[in-house]
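Single-letter residue listing:
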Amino acid sequence: MSDSSEIRTSDSDDEFIMDMLYHLPRPRLFRGRSNPLEEFDEFDFKCRFRLSKESFGVLMHLIVQDVKHETKRNVALSPEVQVLITLRYYATGTFQAVIGDHIRVNKSTVCRTIKRVSTAIARLYPQFINMPRTAHERSIVQTGFYKTRNFPRVIGAIDCTHIRIQSPNSDIGERFRNRKGYFSFNVQVICNSNMEIMNIVSRWPGSVHDSTIFDNSLVRAKFENHEYGNNVFLIGDGGYPCRNYLMTPLLNTSTQAEENYQRAHIATRNVIERIFGVWKRRFPVLAVGILTQLSTSMKTIVATAVLYNMLLQQRDEMPHNEEPIRPEFLHEFNANPIRQTGNLVRSQLINSVFS
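First, a word on scope: everything that follows refers to the structure included in this document. (Residues numbered from 1 in each chain as written. Predicted model: local features only at pLDDT ≥ 70, side-chain atom pairs only at ≥ 80, totals over all residues. Heavy atoms only, no water.)

Turning next to the pairing of strand E1 (residues 154-164). It is a general feature of regular strands that their side chains alternate between the two faces of the sheet. Counting buried positions over the 11 residues of E1 gives 11, a clear majority of the element. In terms of strand pairing, E1 meets strand E4 (residues 233-235) through 3 bridges, oriented parallel. Its bridge partner being in E4, Gly 156 is matched across the sheet by Leu 234. (Buried < 20%, exposed > 50% of the residue type's maximum accessible area, 1.4 Å probe, protein only. Helix = DSSP H or I, 4+ residues; strand = E, 2+ residues; numbered from the N terminus. Pairing = 2+ DSSP bridges.)

This is the structure we're talking about:
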């Protein structure tokens, strides 16, 4: 009996030890990390990370202090590797585990890194995204628009675009489902004739109408307070109300002057549609879908807008033979006509300029 009891006790001890070992946390594995700056030439680097090595150096100079870890414990990621991880995510929109396998870091590290770097880049907003602040700056923007199709006094083209996101999986999730059936942010953008983004609002769910976003924006209040000067215009599609400072297309034309206005309006406003296409092609994560929490997704949208303007200023163009994004990812919604309230100003403009 004693021998049997000892055997059973020994078996129980072995089972207990094995169970403890099984439930111990897995040891951290520090893999050798790749260095894309050394692995890829200029062309391949730009294709994979959407900017040149020179522009990457400029970006690092601007945000290195914000992303640098204060300690080197646990083999902390260098600022360069953190930014490369985030840029690779912007360039693909793929799962974070795949990004981690590419750079050889853990998925959870990729998640934290994307949030950290996106926040740092988004903080550059005041440096790269601004409405014209002085009379001289407004004059330059107006001249640029006028050269497009002789539409006078325009200081910005406005429109909204839907940026795909994953389902929020919460009580507010359905607010983000747009009328095409997928989840998105409805992002308002104002640009100039040089395809620079001058203002962006990225916090509204996809179910919200373009005009609601504009009505609740700071830029609308500034226009109504004449902070951008008197007798200047935004130019938008039929999804916006026609106001003293916001010119929209006519529903129907009956005179040659109205036809001239309509053609000039369409050609002048076309720049904002081109921006959406270029922006989403440069950073495909905006087209195929952002797979992060809502707060990080909003920062990602602003960060890519900052990068878009920075690279435009750097004259850093994408290679012409890159793989195109499927057209359905770039599709924009048609605007629904709404009640117009600035018809008198629009009629005076048509009669004085386009007749």
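Counted under the stated rule, the structure contains 9 salt bridges. The partner of Arg 177 in a salt bridge is Glu 174, with the nearest N and O atoms 2.8 Å apart. A single salt-bridge network, built from bridges that share partners, covers Lys 46, Arg 282 and Asp 316. (Salt bridge = Lys/Arg side-chain N within 4 Å of Asp/Glu carboxyl O.)

This paragraph deals with the nonpolar core. Counting residues in each nonpolar core, the largest one holds 92 residues, and the members touching the most others are Phe 151 and Trp 279. In terms of residue count, the dominant contributor to this core is helix H14 (residues 294-313) (9 residues). The residues contacting Trp 279, other than those within four sequence positions of it, are Thr 161, Val 187, Val 189, Ile 200, Leu 286, Ile 301, Thr 304, Ala 305 and Tyr 308. (Core = buried A, V, L, I, M, F, W, Y, C linked by side-chain atoms within 4.5 Å. Contact = heavy atoms within 4.5 Å.)

Its 20 residues place the ends of H14 29 Å apart at the C-alpha level, agreeing with the 28 Å of an ideal helix rising 1.5 Å per residue. Most of H14 is tucked away: 14 of the 20 residues are buried. Arg 315 sits one or two residues past H14 and shows a positive phi near 55 degrees. (Expected span 1.5 Å × (residues − 1).)

For the rest of this paragraph, the subject is the sheet that holds strand E3 (residues 197-205). Ordered in space as E3-E2-E1-E4-E5, the 5 strands form an open sheet in which the pairing is mixed. The sheet terminates laterally at E3 and strand E5 (246-247), the two strands that pair on one side only. Sheet topology places E1 next to strand E2 (residues 184-191); 8 bridges connect them, and they run antiparallel. Across the sheet, the residue bridging to Ala 157 is Cys 191, located in E2.

Moving on: the packing of aromatic side chains. The final tally for this structure, using the stated rule, is 11 aromatic pairs. Aromatic side chains Phe 214 and Tyr 245 sit 6.3 Å apart centroid to centroid with 45 degrees between the ring planes, which places their arrangement in the tilted category. In this pair, Phe 214 is assigned in helix H10 (residues 210-215) and Tyr 245 in the loop between E4 and E5, connecting sequence segments 31 residues apart. In this structure, Phe 214 and Tyr 245 share a single accessibility class: buried. Each ring, one from Phe 223 and one from Tyr 245, has its centre 5.6 Å from the other, and the planes form 20 degrees; the classification is stacked. Of this pair, Phe 223 sits in helix H11 (residues 218-224) while Tyr 245 is found in the loop between E4 and E5, placing the two residues 22 residues apart along the sequence. Each member of the pair, Phe 223 together with Tyr 245, is buried. Following the ring pairs from residue to residue traces out a cluster consisting of Phe 214, Phe 223, Tyr 228, Tyr 240 and Tyr 245. (Phe/Tyr/Trp six-rings, centres within 6.5 Å; stacked < 30°, edge-to-face > 60°.)

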